[in-house]
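Per-entry structural report
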Amino acid sequence: MSDPSEITSPPLDAPAPQSSAEVPTYSGFVAILGKPNVGKSTLLNTFLGVKVAPITPKPQTTRRGVRGVYTDRQASEVRQLVFVDTPGFHRAKDALGEFMNREVRAAVVDVDVILWVVDLRRPPSDEDKEVARLLRGLDPSTRVYLVGNKLDAAKYPDEALELYGELVPNVSRTYRLSALEDPEAVYALRAELLGELAEGPLFFPEDIRSDQSRETWAAEIIRESAMTHLRQELPYAVAVQVLQWRDPEGDEPLYLMAELWVERANHRMIVLGKGGSMIREIGRSARKQLEVFLGHRVFLELEVVVRRAWREDPEALRELGFEG
Ligand SMILES: Nc1nc2c(ncn2[C@@H]2O[C@H](COP(=O)(O)OP(=O)(O)OP(=O)(O)O)[C@@H](O)[C@H]2O)c(=O)[nH]1
């Protein structure tokens, strides 16, 4: 992949339907719903075959409803699935949390199918029961498919799936799979979803896979690297904003400058690490990932700044793109 525009595109607020004169087109929206950490982002990335949503072992990694687009062109037809990846539904503790829960509710209106993702390693928790309550309140015509994930690590998958199924009577189908270990099972589900699409216009151009801007996409990769490296120390108070993106000329590396926001001066010290060792490590692994996806050398400059209580500050949230 050498051209960044193959991965991301400028944001499309109201995507204009694309016409495809020669062959019939089929399209539909699929929401991916579930409590934090069940594997929603992993599932989306496997559906798409590219990395769109950030994945880390910490809950609440996904903060916005990333949309991924999968288009399948055959000689006789074109089919397009638009995925709405929702932030993990959870009890809101701050303004950011409330924003995330609002996103989830907005995401399930007007979709053709909801994939309710659950963790088969465990029976339903209170958080799963809250998601179930949301699903039970939907228009009964909404198709809800229960996707039991993490089958590879589950001891009693059938029993667990049954317990989840009992919570939502309008579940019309159930699947057991491992988004991480068994991509073939995910592709089979994707093929079923494609096959069920109704005839309709394509919502995105065929070569687009996400409606994130390239800056947002890069910021999410950097934040994922920060969260992975910081592990115990700093749970969720890091935000990343990409301030500069300069495309390379000739052999030069692509230049990216980003700020990491933390809430307190002592958090800044943690993120910097001894003699800058932590931020260097965060930058190094983010840069490696960016280079793989962009197919080009990257020069990544990171700055750590203190933005007090940014999660409660509407202005700061707007700067980060959390409108709503
Ligand atoms: N064993 C196993 N682990 C998985 C599987 N799918 C995802 N995981 C892991 O579960 C963790 C969470 O995955 P994510 O895809 O980030 O989960 P999410 O539901 O999007 O999380 P939020 O963004 O917090 O809502 C990561 O450590 C994944 O590697 C699976 O099929 N099997």
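Everything below is about the structure printed above this text.
Just so it is clear, the model here is predicted, and its values are computed rather than measured.

The next thing to look at is the pairing of strand β5 (residues 143-149). Within β5, 6 of the 7 residues are buried, which leaves the element mostly enclosed by the surrounding structure. Pairing between strand β4 (residues 113-119) and β5: 7 bridges, direction parallel. Pairing of Leu-115 across the sheet is with Tyr-145, part of β5. This β-α-β element, β4 to helix α3 (residues 126-136) to β5, shows right-handed connectivity.

In this structure, Ile-222, Leu-256, Leu-260, Val-271, Leu-290, Leu-300 and Leu-302 are the most contacted members of the largest nonpolar core, which totals 27 residues. Those elements giving two or more residues to this core turn out to be α6 (214-230), β8 (239-246), β9 (254-262), α8 (277-294) and β10 (298-306). Tallying contributions element by element places α6 first for this core, with 7 residues. Counting residues in hydrophobic clusters, the runner-up holds 26 residues, among them Phe-29, Leu-33, Leu-161 and Val-171.

A word on the sheet that holds β9. With respect to topology, 3 strands assemble into an open sheet ordered β8-β9-β10, the strand pairing being mixed. Where the open sheet ends on each side, the last strands, each with one partner, are β8 and β10. The mean inter-strand angle of the sheet, taken between neighbouring strand axes irrespective of direction, is 20 degrees. Note that β8 and β9 share 7 bridges and pair antiparallel. Across the sheet, Gln-241 pairs through a bridge with Glu-259, a residue of β9. Sheet strands in contact with helix α7 (residues 265-272) are β9 and β10, and its direction is about 155 degrees off that of β10.

Definitions and limits used
Residues numbered from 1 in each chain as written. Predicted model: local features only at pLDDT ≥ 70, side-chain atom pairs only at ≥ 80, totals over all residues. Heavy atoms only, no water. Buried < 20%, exposed > 50% of the residue type's maximum accessible area, 1.4 Å probe, protein only. Helix = DSSP H or I, 4+ residues; strand = E, 2+ residues; numbered from the N terminus. Pairing = 2+ DSSP bridges. Right-handed = clockwise from strand over helix to strand, strands pointing away. Core = buried A, V, L, I, M, F, W, Y, C linked by side-chain atoms within 4.5 Å. Axes fitted to C-alpha atoms, helices over the stretch in contact; angles between N-to-C directions. Contact = heavy atoms within 4.5 Å.

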